[in-house]
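Coordinate analysis (summary)
Chain residues, written in single-letter form:
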Amino acid sequence: MADEISIYSSRCWVDNSLTPATITFIQGKIIAVDKIRIPSAIDFGNDIIMPGVIDAHVHVNEPGRTEWEGFNTATMAAAAGGITTIVDMPLNASPVTTTVDAFQKKLKSSEGQLHVNCGFYGGLIPGHIKELQQLLKEGILGVKCFLVHSGIEEFPNVHYNDIIEAMPSIAEAGIPLLAHCEVDEVKPKNAFDDCHAYQQYLASRPKQWENEAVDMMIGIAEKFKAAIHIVHVSSAETLPHIQSAKNKGLKITAETCPQYIYFSAEEIPDNNTLYKCAPPIREKENNEQLKNALKGGTLDFIASDHSPAPPEIKLVDEGDLKNAWGGIAGLQFLLPASWTAMKETVSVEEFIPLLTEHPATFLNVHHRKGKIEKGMDADLVIWSPEENFIVEEKDILHRHTLSPYTGKKMYGNIHTTVVNGVIVY
């Protein structure tokens, strides 16, 4: 029989406020929340105790490309970052998760390797509607598609007619379609005369690509009255359209990522592929609007879009922004990078739901996760928003330590992570 554990802090996130409380849990479940200090409780002083962070957008890359990341290293890094639940994307594993067989292989590859909870998305690619209909019965939390080349040949992008064909089945399953919103029908002029200057890379993926794709997905949400989720919003020009869709009652949700609010294009050095991602990190003025959209609710939550790669395909030495793999390694820093970026825009009380309750609601696990209440899962993180630290390479637990966050100052030091009632960090 597991032992009952009680923990106390003067700042527990209970009933949407920070309050003194003792949280008691056993066998993975919270059994009591008392707004007093119980003498036998472990005292965490003034540290914040809040629900564990939920990262709804992670590329673990196992099986098949485990040399890129893998469940063991990804979930260790997650735990160190205060993350208690991740959701794995259908690429860049090999095989990609577009069939039941591939999904079963992925589940098997994760066995014995998970340090945090893990959910899974399936994938929509052209010509796979029957396979998708079978996959929808397997308990996946959503379906991911790309509207532009994904970078992985086995995961081609879909077009409007592919989505129209798939939407009735996805809508019936009651889960969202997650869309990478870029359409490259308009080719920027001379975008890659210099493949090493960040401004040239930025020009190669203009806001127009993203704006048009978001408008298309809003139209599909309206047509099918179905849930559509816009991943990694980077163009602030999409925000009025997303908000208008929400005002109409459409089932539109949207996320952004730490890299789009922590960094800005003006400060990114040339010849540095660690900052390359798609869509690209945009200008400071644009990114301030993303922060305000998180504060105002146009954007629902923050996710890492952790997409690591080995040094040899990140082309770090060459500084080749055209051919380097595009993706930010940042899973471990979702909480502190987001808080560092947002702390001048929102209070900590406004910030907490962006990493906990809001992604839990999106994933339809809010009856178990995302809040501190009796009966909820004992997934908790204990951290200090006032403490700062410098990211050092030796502390990075991803398989590869390449990250644009290395050497950066962050606020929000994670002290303890509890997953299903067990201290994992």
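Above this text you will find the structure in question.
This is a predicted model, so every value here is computed, not measured.

Further remarks concern the side chain of Ser-384. The residue Ser-384 is located in strand 15 (residues 380–390) in this model. When its relative accessible area of 5% is taken as the criterion, Ser-384 is described as buried. Here Ser-384 is in contact with Asp-47, Gly-412, Asn-413 and His-415, once residues within four sequence places are set aside.

Over its 14 residues, helix 4 (residues 160–173) extends 20 Å from the first C-alpha to the last, a length consistent with the 20 Å expected when each residue adds 1.5 Å. The axis of helix 4 is deflected most strongly, by about 40°, at Met-167, and proline Pro-168 appears within four residues downstream. Listed as buried for helix 4 are Asp-162, Ile-163, Ala-166, Met-167, Ser-169 and Ile-170. Next to the buried residues of helix 4 lie helix 3 (129–135), strand 10 (143–146), strand 11 (177–180), helix 6 (207–224) and strand 12 (228–230).

In this structure, Leu-177, Met-217, Phe-351 and Trp-383 are the most contacted members of the largest nonpolar core, which totals 96 residues. The residues touching Phe-351, leaving out its near neighbours within four places in the chain, are Ile-302, Leu-335, Ser-338, Trp-339, Met-342, Val-346 and Trp-383. Phe-25, Phe-44, Ile-49 and Ile-372 belong to the second largest nonpolar core, which has 15 residues in total.

Further remarks concern the packing of helix 6 against helix 7 (residues 239–247). Relative orientation of the contacting elements helix 6 and helix 7 amounts to 10°, with a least axis distance of 10 Å. Classified by the interaxial angle, the pair formed by helix 6 and helix 7 is roughly parallel. Residue-level inspection shows Val-214, Asp-215 and Ile-218 of helix 6 in contact with helix 7, the latter providing His-241, Ile-242 and Ala-245.

Another point: the sheet that holds strand 8 (residues 117–120). Strands belonging to one sheet form pairs held by backbone hydrogen bonds; the direction of such a pair is parallel or antiparallel. Pairing in this open sheet of three strands is parallel, and the strands run 6-7-8 from one edge to the other. Every interior strand has two partners, whereas the edge strands, strand 6 (53–58) and strand 8, have only one. With direction set aside, neighbouring strand axes in the sheet form an average angle of 20°. Pairing between strand 6 and strand 7 (residues 83–88): four bridges, direction parallel. Pairing of Val-58 across the sheet is with Asp-88, part of strand 7. The sheet strands contacting helix 1 (residues 71–80) are strand 7 and strand 8, and the helix crosses strand 7 at an angle near 140°.

Rules and cut-offs
- Residues numbered from 1 in each chain as written.
- Predicted model: local features only at pLDDT ≥ 70, side-chain atom pairs only at ≥ 80, totals over all residues.
- Heavy atoms only, no water.
- Helix = DSSP H or I, 4+ residues; strand = E, 2+ residues; numbered from the N terminus.
- Buried < 20%, exposed > 50% of the residue type's maximum accessible area, 1.4 Å probe, protein only.
- Contact = heavy atoms within 4.5 Å.
- Expected span 1.5 Å × (residues − 1).
- Bend = angle between axes of the 7 residues up to and from the residue.
- Core = buried A, V, L, I, M, F, W, Y, C linked by side-chain atoms within 4.5 Å.
- Axes fitted to C-alpha atoms, helices over the stretch in contact; angles between N-to-C directions.
- Parallel < 35°, antiparallel > 145°, perpendicular 65-115°, else oblique.
- Pairing = 2+ DSSP bridges.

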